[in-house]
Amino acid sequence: MKRIKVKAELCAGCRQCEMVCSFEHFNKFSPSLARITVHKEDRYGLDYPVACRQCNECPPIEACPEQALSRKDGLTWCSWQDCTGCGICEKVCTYDAIKVTDKALVCDQCGGDPQCVARCPTGTLEYAEMPPSTETPVEAFSRLKEEWGFE
Amino acid sequence: MSKGYAGKVLRINVSDGSYRTDPLDMNEARQYIGGRGFNAAKLYKEVLAGTDPLGPDNKLMVATGPLVGTMFPTASRFNVSARSPLTGIFGDTNAGGHFAPEMKFAGYDQIIVEGKAEKPSYISIREDVVEIRNADGIWGSTVFEADIGIKKQLKDQWTQTLICGPAAENGVMYAGLFANQVRAAARTGMGTVMASKNIKGIAVRGTGAIEVHDPDGFKELVLTLEGEIRNHEQFEGRRLMGTTRILMMADKGGFLPTRNYTQGTFEHASEVSGERLAAEYNVKGRGCFACTIPCSRIYSIREGQFKGVHGEGPEYESLGSFTSRLGNRDIELALTANDLCNQLGIDILSTVGAIGWAMELYEDGKLSKEETGGLELNWGNKEAIITLIHQISKREGFGDILADGAFKAAEKLGKGHDAVIAVKGMDLIMADPRGLKGFGLGYAVATRGGDHLRSEPFIELADDPSIGQEMFGAPGASMRRSDVGKGKLITYFEDWCAVIDALQPCKNIMQNMMILQFPRAAEALELATGIKLTEQEIMDVGSRITTVERMFGIREGIGRKDDTVPKRFTDTPLTEGGSSDTVMDIELMLDEYYTERGWSLETGHPTPAALRRLGLDHLAGDLA
């Protein structure tokens, strides 16, 4: 299936993806309403946008006490009717890819045309057929630090 | 409440920890738009003439604009203002990064810090909860350590900080404030003011949202601007090199300040160029919030004397400052010094203004080794440069004298001001006005002292008379070696810069790439906020901001006598390169400028009529 691919070495950390995501879903601007979040380590200029990777095994679906999370059209999806905003999914997600602001926010790939990808100014994000990524931001940062000679 | 704005002003008294929020004054918003405008309006009202810049009565104001905290390209910036300890007039500095949008998400367009804390502290703002927290373990640390330390103490990696370094704590008069560790709001000593209040930094965190007046229209404009920026002929050069692309351009034009402005070309320019930096040291690009051209860069030195040094930037001003300005051909020294200044929290232009002045005197035999405490200040002495950065930051040895800035150092040592490259005590940037005369007039009249970012008349770089003819009916306006036509040029560009600084996108993109001219700026303001201004009205906002800041200086005693440039620019032509054999006719240029502004030719003060036209009648009483 198609997933949002991240090339962390290209990310400039501008967070336009967060603004675009929030605007396209809620018509207003807030990182707290974005389903994508840029993790950073400023001392090394490292940036990594995190959105749902659509893992084959999804711990939040298993853990949701309300069964609000499920698969819909192949994607992890939250029924806001059932979600109580308890935040368990946020805690158990391996990749910090779920954000709970009132209700759980999970990337919906904008129905097949993810706007974060369309508007990324550096080409960091790509929408492509690929297996789910398993690299965490911390792992990506370690890899890049070594590659770039940071001590 | 109007859209676009967060809607509140936060006022914190750090003497007793009290704070209050006021709703944004929408009349003030119409008159000043935001950011630098809000600070100008309130600072004029609240910080009266003669206030001790480092006393509890000075106020530190941080403000951002109505486009920030949205997807408007490059809208990420904020201004910090107070009475400046370096110049004694309107102190003001601007930076990007992610601090300003976080202020908006926390609910504030402006944060005002008053008083003086009893002991070293920092301010934590989490929406409606404001705390003055003990800075034990953080006071005394570098900018980078303090950023990490505060986030750890608050147990919140998503908080944004604005921090001063140890240099500010030690009372260096040009210490800055830093967001995201390296986004420097470093001019005019605003870090020094913060530290004088016993405050190490402001941490802000918010989860709110910004709405805009016309979401569909706003998106359409944003997409248009993003397209224009991406398709611009300068896009690729800016993406790869940021402002460092200017260095070779300046050398070719003969206005690259070399050996403290005694030369306009540097024989080793290509060794210290933006092109070389990009090819050999850059590992990735970086950008401020919502930027379409992330133009900042991360560098890494992987071998040699400076192995292990890494950091962000440098911008042209920093790269040129630590190379041609000091006669140094080693680019790695510049990268190392850039990172060091960011860690210690000092303004690079004023640091190099002081070191460059001292080196020129030393080379000319006017400053002895005894006076420098044993330092041999020959051009390009790398060890001396690094030593002085440390000494300045600690106010130790010869650095203690330089820590007051070149202007005051010259006074203290009785050396005269001939080699001091500053206006009103503020050290100039890296562009020789003998080859960019409009820039020179801009330095002379800028409301915060010698500065290009109050006007930045970049059309001079094209050196094409047809641009000036079309814009102002004055071909000389856009000819870089012409003295004529600059009054209109600088008035227009000052007003334009003030409007950009009020809306708070990036001047580098929105102004220098001709993306957001006045009609577009008015359109953006209306789509975001619903405030409708005509082209003339939004230009007047720019004039109003400039005039109020000017009046702040006038109240402190400045006037035409202070609107000047260092003597060598009016008396001594360069002998080589593309800007040789000409000097500035500053008096002619000032006459043109005051005439254009409707100010007195004799005093350089706004006339009562000029004030009235901008609705500033109430300031007329302050004209002596």
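Cut-off values and rules
Residues numbered from 1 in each chain as written. Chains lettered and ligands numbered in written order. Predicted model: local features only at pLDDT ≥ 70, side-chain atom pairs only at ≥ 80, totals over all residues. Helix = DSSP H or I, 4+ residues; strand = E, 2+ residues; numbered from the N terminus. Rg over C-alpha atoms; globule rule 2.2 N^0.38 Å. Contact = placed C-beta atoms within 7 Å. Nonpolar A, V, L, I, M, F, W, Y, C, P; charged D, E, K, R; others polar. Pairing = 2+ DSSP bridges. Axes fitted to C-alpha atoms, helices over the stretch in contact; angles between N-to-C directions. Core = buried A, V, L, I, M, F, W, Y, C linked by C-beta atoms within 7 Å. Buried ≥ 20, exposed ≤ 12 C-beta atoms within 10 Å, placed from the backbone.

Enquirer: Any details on the overall build of chain A? Residues and values, ideally.
Expert: In terms of regular secondary structure, chain A is built from five helices and eight strands. Put simply, chain A runs from its N terminus to its C terminus through helices and strands in the order β-α-β-β-α-β-β-α-β-β-α-β-α. In terms of overall size, chain A behaves like a compact globule, its C-alpha atoms giving a radius of gyration of 15 Å where 151 residues would be expected to give roughly 15 Å. Over its C-alpha atoms, taken along the principal directions, chain A stretches across nearly 50 × 30 × 30 Å. In chain A, the proportion of contacts linking residues at least 24 apart, taken out of those at least 6 apart, comes to 61%.

Enquirer: Give me the interface of chain B and chain A: which residues, what numbers.
Expert: Counting from both sides, the interface comprises 31 residues of chain B and, opposite them, 26 residues of chain A. If you list the elements that add at least two residues to the side of chain B that touches chain A, you get α4 (143-153), β13 (282-286), β14 (296-300) and β15 (310-312) of chain B. Among the elements that take part in the side of chain B that touches chain A, β13 of chain B stands out by supplying four residues, more than any other. For the side of chain B that touches chain A, a count of residues per class yields 13 nonpolar, twelve polar and six charged.

Enquirer: Outline the sheet that holds strand β4 (residues 78-83) of chain B, supporting the account with residue identities and numerical values.
Expert: Residue and element names in this part refer to chain B. Read across the sheet, six strands follow the order β2-β1-β6-β3-β4-β5 without closing on themselves; strand pairing throughout is mixed. Strands at the two margins of the open sheet, each flanked by one partner only, are β2 (18-23) and β5 (90-95). The mean inter-strand angle of the sheet, taken between neighbouring strand axes irrespective of direction, is 15°. Judged from the four bridges that link them, strand β3 (residues 60-64) and β4 form a sheet pairing that is antiparallel. Of the residues in β4, the one forming a bridge with Met 61 is Ser 81.

Enquirer: Can you break down the nonpolar core residue by residue, with the values?
Expert: Residues and elements named next belong to chain B. With 248 residues, the main nonpolar core has Ala 358, Leu 402, Val 499 and Ala 524 as its most contacted residues. Per-element tally for this core: the top contributor is helix α19 (residues 486-503), with eleven residues. Leu 402 has contacts with Ala 354, Ile 355, Ala 358, Leu 388, Ile 392 and Ala 409, leaving out every residue within four places of it along the chain.

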